[in-house]
Each structure stands twice: as structure tokens, then as C-alpha cells.
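What follows is the residue order along each chain.
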Amino acid sequence: MTQMTFEDNQRAWLDQAIEQAKKSWDEGGIPIGAVLVDSAGQVIARGHNERVQSGDPTAHAEVVCIRHAGRRRDWHTLTLVSTLSPCPMCSGTAVLFKIPRVIIGENVTFQGAEAWMAEQGIALTVLNDPRCIELMAQMKATRPQLWAEDIGLPE
């Protein structure tokens with residue numbers, strides 16, 4: 001039996017986050033998805049950006065995913081996987097709960113608070129997956145006003 005490497009697992013986890021991003025896009029939202037993985041490599045929570053769908057400006061994919069994980073005491077053992085570089089709010093949530101690892105699908109179309117997360121001791125892996133880049137490039141090209149709203153840019 002072939003054992004999966006950490007790199008294989010990262011890709012499998014990112015695949016699940018991409019499924020969440022596509023779900024948001026299909027719902028008319030912003031195509032960003034996230035999953036939370038436990039120390040055994042099992043996905044324990046999923047989330048996608050629901051800001052448009054719910055009207056909640058804090059419903060970014062990473063925050064929704066963490067909400068879905070519920071009350072826990074093992075945050076310090078988990079890995080957050082997001083299709084896009086986490087914004088300051090989502091980075092702050094990872095820092096607050098002392099999540100030690102964040103895997104980022106891409107940071108070409110947007111780079112969040114990566115330097116700050118690294119300063120706080122979070123290990124970052126940036127994959128720059130072409131599927132993630134394409135999802136965001138498509139959204140920014142077809143719905144630029146929605147993207148500006150999502151990251152708090154004025155009109």
C-alpha cells in the first residue's frame with residue numbers, strides 16, 4: 001500500500017477547499033473556500049465565502065470554516081487550508097486560535113496578512129495552484145465591484 005506524503009495530502013485538502021470555492025461561486029458568491037484538518041489528516045470542517053449569500057460581512061471562507069468546527073480545545077494541532085491568501089480578519093482568527101499551519105492555494109491575485117501570520121509563528125505554505133488563481137482572476141474580471149466590497153475597498 002502506498003502511503004500518501006504530506007504534499008499529496010496538501011493537494012487533497014486543497015481539492016476540498018476548491019470544491020467549497022466553486023460552491024460559493026455557483027451560489028453567486030465569492031469563490032473562496034477553506035477546510036480545517038486535524039492532526040490525523042482528516043478534514044473536520046469546511047466553509048466557503050458566504051458574505052453575499054448571508055449578508056454577513058464577516059462570513060469569509062476561513063471564518064465560516066472555523067465556525068463550522070465548533071468549540072474545540074485542539075486548535076493548536078490543526079491546519080487551515082484556504083484557496084486564497086487570508087485577509088487580515090481571517091489571519092487574525094488563525095492567530096487568535098493558535099492554528100499553527102496555514103496552507104494557501106494562491107497569493108498571486110491577492111496577498112493577505114501572510115507576513116504577520118509568519119511573525120506570529122504560523123507556518124505558511126503557498127501552493128499557487130492554477131485552479132485557485134483562475135477562480136479569483138475570473139471573479140475579479142467579471143465582478144470587480146463584488147471583490148472590492150469583500151475586501152473593504154471604497155467605490
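The rules we used
Residues numbered from 1 in each chain as written. Predicted model: local features only at pLDDT ≥ 70, side-chain atom pairs only at ≥ 80, totals over all residues. Heavy atoms only, no water. Axes fitted to C-alpha atoms, helices over the stretch in contact; angles between N-to-C directions. Helix = DSSP H or I, 4+ residues; strand = E, 2+ residues; numbered from the N terminus. Parallel < 35°, antiparallel > 145°, perpendicular 65-115°, else oblique. Left-handed = near helix turned anticlockwise from the far one by under 90°. Contact = heavy atoms within 4.5 Å. Core = buried A, V, L, I, M, F, W, Y, C linked by side-chain atoms within 4.5 Å. Buried < 20%, exposed > 50% of the residue type's maximum accessible area, 1.4 Å probe, protein only. Expected span 1.5 Å × (residues − 1). Arc of directions from axis to C-beta. Polar contact = N/O pair within 3.5 Å; in protein donor to acceptor, adjacent residues only side chain to side chain. 1 Å grid on protein atoms, 1.4 Å probe; cavity = no way out; pocket = protein on both sides within 12 Å on 5 of 7 lines; lining within 4 Å. Points joined across faces, edges and corners; volume = space filled by probe spheres on them. Nonpolar A, V, L, I, M, F, W, Y, C, P; charged D, E, K, R; others polar. Pairing = 2+ DSSP bridges. Disulfide = S-S within 2.5 Å.

**Details of the packing of helix 1 (residues 6–26) against helix 6 (residues 130–142)**
Inference 1: Two elements in contact, helix 1 and helix 6, have axes separated by 10 Å at closest approach and are oriented at 15 degrees. Put simply, helix 1 runs roughly parallel to helix 6. In the packing of helix 1 onto helix 6, the handedness of the crossing is left-handed. Within the contact between the two elements, helix 1 uses Leu 14, Asp 15, Ile 18, Ala 21, Lys 22 and Trp 25 and helix 6 uses Arg 131, Cys 132, Leu 135, Gln 138, Met 139 and Thr 142.

**Digging into the nonpolar core**
Inference 1: Judged by nonpolar contacts, the single largest core of 29 residues is most densely connected at Ile 32, Leu 36, Trp 75, Leu 80, Ile 99, Val 102 and Trp 147.
Inference 2: Secondary structure elements with two or more residues in this core: strand 1 (33–37), helix 3 (61–69), helix 4 (88–96), strand 4 (101–104), helix 6 and helix 7 (144–150).
Inference 3: Top contributing element to this core by residue count: helix 3, with five residues.
Inference 4: For Ile 99, the contacting residues outside a window of four places in its chain are Leu 36, Ile 66, Trp 75, Leu 78, Thr 79, Leu 80, Ala 94 and Ile 122.
Inference 5: Core analysis: the second largest hydrophobic core is formed by 13 residues, Leu 14, Ile 18, Val 35 and Leu 127 among them.

**A closer look at helix 6**
The periodicity of an α-helix, 3.6 residues per turn, causes residues three or four places apart in sequence to face the same way.
Inference 1: The first and last C-alpha atoms of helix 6 sit 18 Å apart over 13 residues, in line with the 18 Å expected at 1.5 Å per residue.
Inference 2: Among all positions in helix 6, only Cys 132, Leu 135, Met 136 and Met 139 are buried. The buried residues of helix 6 all sit within an arc of 85 degrees when viewed along its axis, so they share a single face. Turned more than 90 degrees off the buried face of helix 6, the exposed positions are Pro 130 and Ala 141.
Inference 3: One side-chain oxygen at the N-terminal end of helix 6 lies 2.8 Å from the backbone nitrogen of Arg 131; it belongs to Asp 129.

**Some points on empty space enclosed by the protein**
Inference 1: Taken as a whole, this structure holds one cavity of 30 Å³ or more when the rule is applied.
Inference 2: The volume enclosed by the largest cavity comes to roughly 80 Å³.
Inference 3: Lining the largest cavity we find 14 residues, and of these Ile 32, His 60, Glu 62, Leu 84 and Cys 87 sit closest to its centre.
Inference 4: Listing elements by their share of the lining of the largest cavity, those giving two or more residues are helix 3 and helix 7.
Inference 5: Taken together, the residues of the lining of the largest cavity break down into nine nonpolar, three polar and two charged.

**Thoughts on the pairing of strand 1**
Each regular strand displays side chains that alternate between the two surfaces of the sheet.
Inference 1: With respect to burial, strand 1 is a largely interior element, five of its five residues being buried.
Inference 2: Side chains Gly 33, Val 35 and Val 37 of strand 1 all project onto a buried face; the interleaved residues Ala 34 and Leu 36 project onto the opposite face, where all are buried too.
Inference 3: Hairpin connection, strand 1 to strand 2 (residues 43–48): the antiparallel pair is bridged by five residues, and Gly 41 has positive phi, about 90 degrees.
Inference 4: Where strand 1 lies against strand 3 (residues 79–82), four bridges are found, and the strand directions are antiparallel. Among the inter-strand pairings, Ala 34 is bridged to a residue of strand 3, identified as Ser 82.

**A few points about unusual backbone geometry**
A negative phi angle characterises most non-glycine residues, just as the trans form characterises most peptide bonds.
Inference 1: Positive phi, normally seen in glycine, also occurs at Lys 98, with a value near 60 degrees.
Inference 2: Take Lys 98: it is sitting in the loop between helix 4 and strand 4.
Inference 3: A relative accessible area of 61% means that Lys 98 is categorised as exposed.

**Side note on the state of the cysteines**
Any covalent bond linking the sulfur atoms of two cysteines counts as a disulfide.
Inference 1: In total, this model carries zero disulfides according to the counting rule given.
Inference 2: The structure places no disulfide on Cys 87, whose sulfur is separated from the nearest cysteine sulfur, that of Cys 90, by 3.7 Å.
Inference 3: Residue classification places Cys 87 among the buried positions, given a relative accessible area of 11%.
Inference 4: By relative accessible area, Cys 90 is classed as buried at 1%.

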